[in-house]
Amino acid sequence: MYPDPRIPVGSWILVTGVNGMVASNIASLLLEMGYKVRGTVRNVEKASWMQEKFDKLYGKNNFELVSVADLADEGAFDEAVKGISGVSGIAHVASIVGHFDPNTGIPGVIDGAVNTLKSAAKEPSVKAFLLGYVLPPCGLERTMDVYAAGKAEAEAASWKFMKETKPAFVFNAVLPSANFGIVCDPEHQGFSSTTGWLKSLFEGELTLHNFVPPQFAVDTIDCARLHVGALLDTSVENQRLFGYAEPYTWNEMLGVFRSMYPNRKFMDDLPDAGRDLSTVTNERAAEVLRKFGRPGFTSLKESIKAATEQILAFTK
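Presented here is a report on the structure given in the accompanying data block. (Residues numbered from 1 in each chain as written. Predicted model: local features only at pLDDT ≥ 70, side-chain atom pairs only at ≥ 80, totals over all residues. Heavy atoms only, no water.)

Right, let's talk about the sheet that holds strand S8 (residues 215-219) for a bit. A sheet is described by the order of its strands in space; here three strands give the open sequence S7-S8-S10, paired in mixed fashion. At either end of the open sheet lies a strand with only one pairing partner, and these are strand S7 (178-180) and strand S10 (246-248). Taken pair by pair, the neighbouring strands of this sheet meet at an average axis angle of 50 degrees, ignoring direction. The sheet contacts of helix H7 (residues 193-202) involve S7, S8 and S10, and relative to S7 the element is tilted by about 60 degrees. (Pairing = 2+ DSSP bridges. Helix = DSSP H or I, 4+ residues; strand = E, 2+ residues; numbered from the N terminus. Axes fitted to C-alpha atoms, helices over the stretch in contact; angles between N-to-C directions. Contact = heavy atoms within 4.5 Å.)

Structure follows, in structure tokens:
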């Protein structure tokens, strides 16, 4: 139970793009905490595994799927926000993927975020709105550049909307670094995005590893906790929470693999790409994690252990 939550337990929370890696962990955590979740997807039939999974884990009538075919359409989220009963909080984690022409992809991501805010502003039941960052798809350099630009511009447009329209709800943003750890359902989701980077390195395959520079990491479940905390914590208002636990390199990750699995053969170290020496203001995020009964951020070693155990269990 989160202490003194902004949104009462049992309320409905809307999670956009709920079948994604980050959003599905957010939904699962909310359901575990006693909230009800309405999740948007492009295709309800393709995401029906989520309904079956969450009905089994948390009981029926606590989770429902609704279709939003195009995030960029004006009013796309109106019905999802209203639904049968109004939602009290919104975690907007969905993003447009696949449109990587900057002339169309970036405006589409911006429209998706602002359209969700507009829908939220129409409903007096909404107490909090969270803008989350889904993780980049595995693709070429151009893809990731356009993707990152779209997310940055969408956040800027969201803060501008809040400043100009002054809706009644609280607005926060969570900015996670590379997510490593367990996924919600490897059978139906696989190991996508950054979890796929870890899996391929573990299995001796290089994908984007020579392109992706050293950066920071965060545990997948810590990432979900930060998103939920940004919705529920009454002390978090008009803030940006940085999900940056600690820096990593691929060679450090290989070293963790070797120490955990001494009888398994791993690839040789990659050419030294240096280390991310950035200083990140992550203290506020650590405070939010402690309210979940955690000591702060999960260590990279713990995240890698959880991830590799899930990978090995799934691939048996």
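Our focus in this paragraph is helix H10 (residues 283-290). Within H10 the residues assigned to the buried category are Ala 285, Ala 286, Val 288 and Leu 289. Seen end-on, H10 carries its buried residues on one side only, within an arc spanning 155 degrees. On its buried side, H10 packs onto helix H8 (220-232) and strand S9 (240-243). (Buried < 20%, exposed > 50% of the residue type's maximum accessible area, 1.4 Å probe, protein only. Arc of directions from axis to C-beta.)

Counting buried positions over the six residues of strand S2 (residues 36-41) gives five, a clear majority of the element. Two elements, strand S1 (residues 12-15) and S2, share four bridges in a ladder whose sense is parallel. The partner of Ile 13 across the bridge, within S2, is Val 37. Between S1 and its parallel partner S2, the chain crosses via helix H1 (residues 21-32), and the hand of that crossover is right-handed. The sheet contact formed by S2 and strand S3 (residues 63-67) spans five bridges and is parallel. Pairing of Val 37 across the sheet is with Phe 63, part of S3. The handedness of the S2 to S3 crossover, carried by helix H2 (residues 48-58), is right-handed. (Right-handed = clockwise from strand over helix to strand, strands pointing away.)

Our focus in this paragraph is the side chain of Thr 308. Examined against the element boundaries, Thr 308 turns out to sit in helix H11 (residues 300-315). A distance of 3.2 Å separates a polar atom in the side chain of Thr 308 from the backbone oxygen of Lys 305. Setting aside its immediate chain neighbours within four residues, Thr 308 contacts Leu 198, Phe 202, Phe 257 and Tyr 261. (Polar contact = N/O pair within 3.5 Å; in protein donor to acceptor, adjacent residues only side chain to side chain.)

Overall, the coordinates contain 17 aromatic pairs when judged by the stated rule. Pairing Trp 159 with Phe 171 gives two aromatic rings, centres 4.7 Å apart and planes at 85 degrees, and the pair type is edge-to-face. Of this pair, Trp 159 sits in helix H5 (residues 141-165) while Phe 171 sits in strand S6 (residues 170-176); the two residues are 12 residues apart in sequence, bridging distant segments of the chain. By relative accessible area, Trp 159 is classed as partly exposed at 25%. A relative accessible area of 0% means that Phe 171 is categorised as buried. (Phe/Tyr/Trp six-rings, centres within 6.5 Å; stacked < 30°, edge-to-face > 60°.)

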